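Letter by letter, the chains look like this.
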Amino acid sequence: MSAMLRMIGLSVLLAASALLPAAQAGERITVAAAADLKFALDEIVADFRSTRPDDAVEVVYGSSGKFATQIRQGAPFDLYFSADIAYPRALEAEGLALGPTRPYAVGRIVLWSRTRDAGALRLQDLADPALGRIAIANPRHAPYGKRAEEALRAAGVWQAVQPRLVQGENIAQTAQFVQTGNATVGIIALSLALNPALAGQGGYHLIDAALHEPLEQGFILTRKAQGKALATAFADYIGTEAARAVLARYGFELPINPPDHALPD
């Protein structure tokens, strides 16, 4: 083979190898999600990625209110799942959403304890100082904390429990306070209480939904998702029967109609 032919062959090979990584590399998106979704959304993401092994879906869990503030400040989140649908609707109204807010679930709150039979407890029992510290999420920016405060006020025990409250930055940290013994009882998300790690440690009591405003939850694609096919595909996947079945298994009540499909890209 002549030197010229070898050079041409090498050039073709280099060109092909340069194109190969681009063809094989997948997309990457980042999702901000309320902490109550930790276990359910982890499963949903794993199922979604099972047919898209080259794509990456990174989920960051935390406080719904804090995520809303971060998105306003330009945080690089492609999707935002909030435990209170009011937050994404506000972002939508401010022009920070790619399409409308989609409701995906309604959460529930429970009394949970690692050391007590929480199934036998009621909110009125929390007024007893002998129970020690009580954990709730911070009502200022955590929707589950807001609903916990509403329920405690409706039960007439808010004033009695206030001095003994410990507040988590989000509902996952609130559950951790109880799990580690920093609080005896917590008001946490049913979705966390049903997680096998917690379900095996203590029982729970479902708090009457009439004692607080509904925990209607919703999500948006943010403006950062513009043109990202993976973000649109994942948003659509949340409305599938497979994803809804996972949410239901973790105690979420589901909208009658699944989230709409096909937001503009």
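About the thresholds
Residues numbered from 1 in each chain as written. Predicted model: local features only at pLDDT ≥ 70, side-chain atom pairs only at ≥ 80, totals over all residues. Heavy atoms only, no water. Axes fitted to C-alpha atoms, helices over the stretch in contact; angles between N-to-C directions. Helix = DSSP H or I, 4+ residues; strand = E, 2+ residues; numbered from the N terminus. Parallel < 35°, antiparallel > 145°, perpendicular 65-115°, else oblique. Left-handed = near helix turned anticlockwise from the far one by under 90°. Contact = heavy atoms within 4.5 Å. Nonpolar A, V, L, I, M, F, W, Y, C, P; charged D, E, K, R; others polar. Pairing = 2+ DSSP bridges. Salt bridge = Lys/Arg side-chain N within 4 Å of Asp/Glu carboxyl O. Buried < 20%, exposed > 50% of the residue type's maximum accessible area, 1.4 Å probe, protein only.

## Let's talk about the packing of helix α2 (residues 38-49) against helix α11 (residues 241-249)
Right, so step 1: Remark: α2 packs on α11, axes separated minimally by 9 Å, with the N-to-C direction vectors making an angle of 160 degrees. By the angle class used here, α2 and α11 are roughly antiparallel. Taken as a pair, α2 and α11 cross one another with a handedness that is right-handed. Contact residues: α2 offers Ala40, Glu43, Ile44 and Asp47, while α11 offers Ala243, Val246, Leu247 and Arg249.
Right, so step 2: The residue makeup of the contact of α2 with α11, split by class, is five nonpolar, no polar and three charged.

## Observations concerning the pairing of strand β2 (residues 56-62)
Right, so step 1: The sheet contact formed by strand β1 (residues 28-34) and β2 spans seven bridges and is parallel. Bridge pairing in β2 places Ala33 opposite Tyr61.

## Description of the sheet that holds strand β6 (residues 134-137)
Right, so step 1: The five strands are arranged β7-β6-β8-β5-β9 in an open sheet whose pairing can be described as mixed. Strands at the two margins of the open sheet, each flanked by one partner only, are β7 (165-168) and β9 (204-206). In this sheet, adjacent strand axes meet at a mean angle of 30 degrees when their direction is disregarded.
Right, so step 2: In this fold helix α5 (residues 143-154) packs onto β5 (109-112), β6 and β8 (185-189), with an angle of close to 130 degrees to the strand it touches most, β6.
Right, so step 3: The sheet contacts of helix α7 (residues 171-179) involve β5, β6, β7 and β8, and relative to β8 the element is tilted by about 150 degrees.

## So, the pattern of salt bridges
Right, so step 1: Taken as a whole, this structure holds twelve salt bridges when the rule is applied.
Right, so step 2: Salt-bridge contacts for Glu43 lead to Arg249; the nearest nitrogen and oxygen are separated by 2.7 Å. Here the residue Glu43 occupies a position in helix α2, and Arg249 occupies one in helix α11, the gap between them amounting to 206 residues.
Right, so step 3: Residue classification places Arg249 among the partly exposed residues on the basis of a relative accessible area of 49%.
Right, so step 4: One continuous salt-bridge network, built from bridges that share partners, spans Asp84, Arg147 and Glu150.

## Remarks on the sheet that holds β2
Right, so step 1: Pairing is mixed across the open sheet formed by five strands, whose spatial order is β2-β1-β3-β10-β4. Since the sheet does not close on itself, it has two edges, and those belong to β2 and β4 (102-107), each with one partner. Strand-to-strand twist across the sheet, computed as the mean angle between neighbouring axes with direction ignored, equals 20 degrees.
Right, so step 2: Sitting on the sheet, helix α3 (residues 64-72) touches β1, β2 and β3 (79-82), and the angle it makes with β3 is about 150 degrees.

By themselves, these are just geometric observations and shouldn't be taken as functional.
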